[in-house]
Amino acid sequence: MRRPGDQQLGISKDMRLRQRADYVAVQSSGSKVHGKHLLAITRRRTDPALAGRLGLTVTKKVGNAVVRNRIKRMVREWIRLHGWVPTGWDMVLVAKDSAARQVHPDDFAPDLTKILRHFST
RNA sequence: CGGAGAGGAAGAGGCGAUCGCCGGUGUCCAGCGCAAGCGAAGACACGGGAGGAAAGUCCGAGCUUCACAGGGCAAGGUGCUGGUUAACGGCCAGUCGAGGUAACUCGCAGGACAGUGCAACAGAAAGCAAACCGCCGGCGAAAGUCGGUAAGGGUGAAAGGGUGCGGUAAGAGCGCACCGCCUCUUCGGUGACGAGGAGGGCAAGGAAAACCCCACCUGAAGCAAGACCAGACAGGAGUGGCGCUGCCCGCGCGAUGACUCCGGGUUGGUCGCUCGAGCCCGCCGGCAACGUCGGGCCUAGAUGAAUGAUCGCCGCUUUAAACGGUGACAGAACUCGGCUUAUCGACCUCUCCGUCGG
RNA sequence: GCGGGAGUAACUCAGUGGUAGAGUGCAACCUUGCCAAGGUUGACGUCGAGGGUUCGAAUCCCUUCUCCCGCU
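Given the structure is predicted, the values throughout are model-derived calculations rather than measurements.

A. Structural view of the overall build of chain A. Counting secondary structure elements, chain A contains 3 helices and 4 strands. Over its C-alpha atoms chain A spans a radius of gyration of 14 Å, differing by no more than 12% from the 14 Å that the globule rule assigns to 121 residues. By sequence separation, contacts in chain A at least 24 residues apart represent 78% of the contacts at least 6 residues apart. Counting every atom, chain A has about 7500 Å² of accessible surface; 51% of that belongs to carbon and sulfur. The centroid of the 24 positive side-chain charges in chain A is displaced by 6 Å from the centroid of its 10 negative side-chain charges.

B. Seen up close, the protein's contact with RNA strand B. Looking at RNA strand B, there are 21 residues lining it, with Lys13, Leu17, Tyr23, Thr57 and His104 nearest. A distance of 2.5 Å separates a sugar or linking oxygen of RNA strand B from a polar atom in the backbone of Leu17. The side chain of Thr57 places a nitrogen or oxygen atom 2.6 Å from a base nitrogen of RNA strand B. Elements with a minimum of two residues in the surface near RNA strand B: helix H1 (20–29), strand S3 (53–57) and helix H2 (65–81). Of the residues that constitute the surface near RNA strand B, the class distribution is 8 nonpolar, 6 polar and 7 charged.

C. Spatial organisation of the pattern of salt bridges. The full count for this structure, using the stated rule, is 4 salt bridges. A salt bridge links Arg53 to Asp22, with the nearest nitrogen and oxygen atoms 3.7 Å apart. On the criterion of sequence distance, the pair formed by Arg53 in strand S3 and Asp22 in helix H1 is long-range, its members being 31 residues apart. A relative accessible area of 14% means that Arg53 is categorised as buried. Salt bridges sharing common partners tie together Asp22, Arg45, Arg53 and Asp90.

D. Looking closely at unusual backbone geometry. The backbone phi angle of Trp84 is positive, close to 60 degrees, even though this residue is not glycine. Topologically, Trp84 is positioned in the loop between H2 and strand S4 (89–95).

E. Looking closely at helix H3 (residues 109–120). Here H3 contains 12 residues, and its C-alpha end-to-end distance of 17 Å stays within 8% of the 16 Å for a straight helix at 1.5 Å per residue. Taken as a whole, H3 has its buried residues at Ala109, Asp111, Leu112, Ile115 and Phe119. Projected onto a plane normal to the axis of H3, the buried residues spread over an arc of 160 degrees and lie on a single side. Exposed and oriented more than 90 degrees from the buried face of H3 are Pro110, Arg117 and Ser120.

F. A look at the side chain of Thr42. With respect to the helices, strands and loops of the structure, Thr42 is situated in strand S2 (residues 38–44). A residue is classified by how much of its surface remains accessible, and Thr42, at 2% relative accessible area, is buried. The contacts of Thr42, once residues within four sequence positions are left out, are Gly30, Ser31, Trp89, Asp90, Met91, His118 and Phe119.

G. Expanded view of the packing of aromatic side chains. Counted by the stated rule, this structure contains 1 aromatic pair. Measuring from centroid to centroid gives 5.1 Å for Trp89 and Phe119, while their planes differ by 75 degrees, and the two rings are edge-to-face. Here Trp89, found in strand S4, pairs with Phe119, found in helix H3; they are 30 residues apart in sequence, far enough to count as distant.

Rules used in this analysis
Residues numbered from 1 in each chain as written. Chains lettered and ligands numbered in written order. Predicted model: local features only at pLDDT ≥ 70, side-chain atom pairs only at ≥ 80, totals over all residues. Heavy atoms only, no water. Helix = DSSP H or I, 4+ residues; strand = E, 2+ residues; numbered from the N terminus. Rg over C-alpha atoms; globule rule 2.2 N^0.38 Å. Contact = heavy atoms within 4.5 Å. Areas by Shrake-Rupley, 256 points an atom, 1.4 Å probe, with all protein chains shown as cover. Lys, Arg positive; Asp, Glu negative; His and termini not counted. Charge placed at Lys NZ, Arg CZ, Asp CG, Glu CD. Near = heavy atom within 4 Å. Polar contact = N/O pair within 3.5 Å; in protein donor to acceptor, adjacent residues only side chain to side chain. Nonpolar A, V, L, I, M, F, W, Y, C, P; charged D, E, K, R; others polar. Salt bridge = Lys/Arg side-chain N within 4 Å of Asp/Glu carboxyl O. Buried < 20%, exposed > 50% of the residue type's maximum accessible area, 1.4 Å probe, protein only. Expected span 1.5 Å × (residues − 1). Arc of directions from axis to C-beta. Phe/Tyr/Trp six-rings, centres within 6.5 Å; stacked < 30°, edge-to-face > 60°.

Structural data, given as structure tokens:
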């Protein structure tokens with residue numbers, strides 16, 4: 001049971017993008033924010049009360065399976081500890097080649113704080 | 001002590017805590033049911049959660065579909081022998097050949113008197129052999145010419161047994177000895193083959209990772225296979241056939257059906273999906289690979305795809321010291337048996353060679 | 001995950017055991033008052049990488065790397 005006031009840190013299945021159609025919808029009509037290692041594409045959901053959803057795209061060009069998994073885990077962990085995607089939004093993060101050389105979740109902090117600040121404007 | 005060879009086993013170092021992710025079991029619970037009971041979503045508790053290569057997809061199988069069972073051709077694969085296995089191109093033991101002082105390692109290791117082709121250039125001649133130079137003999141004053149000759153030179157990757165002695169005009173398996181080769185044969189071995197004996201008197205070269213021949217093996221496709229549920233849509237044209245998909249035979253199916261093309265709709269869910277030729281220990285059989293039997297264990301099942309992050313202590317390591325680093329190759333996708341490739345730092349066992357000491 | 005295909009000059013491609021070729025491009029020269037076109041000549045290459053078979057390998061065999069395509 002979650003008590004009122006607690007910060008929610010878990011991420012369930014309805015807080016992630018899980019269908020190809022969702023990715024296509026965000027990538028075709030969302031707005032883009034460039035970072036050093038990441039590209040963010042954000043889009044408002046139809047109902048602003050729905051939970052924020054995150055999708056991660058790391059192509060084979062970036063690295064092998066171990067590298068791609070590590071990038072996803074680091075980015076997902078940082079966002080989980082910093083409030084996740086705001087309610088009512090979808091966001092797709094695309095890793096750039098330089099993301100493969102990062103070794104710690106905080107290495108993505110400059111990009112991700114810039115991206116999260118974008119939601120408030 | 002130094003050098004070398006063979007094999008084995010384990011590893012994001014260990015313990016604890018917190019925040020998360022994935023699925024499993026149990027409890028509570030809406031609801032269904034007369035009842036026994038079943039049990040959605042969610043919450044809580046308990047325990048589980050990447051590798052030796054999970055990789056490349058190079059082989060072999062299970063499983064599923066192609067209506068059923070079959071014969072022939074074609075195509076492809078394997079290739080010393082004997083075992084092993086569900087099967088294999090794997091593994092084990094041996095044979096032969098090559099390399100190494102040795103331990104040991106490496107080998108696509110059948111057939112070239114079944115046939116067809118190939119060998120550029122060079123060279124006189126390259127596959128029923130052949131006389132350029134040379135050597136020897138006859139004729140001739142000589143140039144030369146006619147013959148003999150494969151020991152020598154030269155060409156070539158390769159020149160039709162090798163070495164030695166005899167022999168001869170010079171030579172030549174022409175003769176002899178040893179080695180090689182071929183045929184027959186004795187003994188040992190399941191066999192590959194080995195050890196010998198007798199004879200032949202050299203004809204029979206290379207290459208089969210050229211075609212091919214021989215022996216053995218193979219139906220095709222693949223979990224995106226395939227089965228079911230829910231939902232959506234709009235039909236039209238053509239072909240006489242279609243099916244285990246290259247061909248033939250045989251067989252079967254077939255006009256509200258089949259196939260092809262155009263157009264339209266969907267891109268959801270459940271099952272398959274993890275208990276299996278499974279893993280560990282022990283006895284016995286076997287040189288071994290492996291097998292019989294007994295006991296114990298349950299060990300990821302995701303689907304935009306889960307193993308991560310933070311903190312404390314200890315260990316290792318870099319450094320003057322650390323608040324630094326924690327390693328290499330690399331991430332399950334139906335499941336097994338192999339092969340191959342990538343790779344860090346240590347550890348253990350056995351063997352060989354050299355040196356010194358006893 | 002499964003299935004299939006390709007790597008040869010700067011680019012596009014031939015070459016299927018015997019000296020690596022063509023076109024475009026590049027450089028120099030000729031032609032022109034100058035440029036283009038045309039002509040002549042030239043440089044161009046670890047045949048993706050490693051190992052093997054063969055006297056000899058781009059070609060045959062094995063291993064490996066990179067890229068591309070198809071299947072829900």
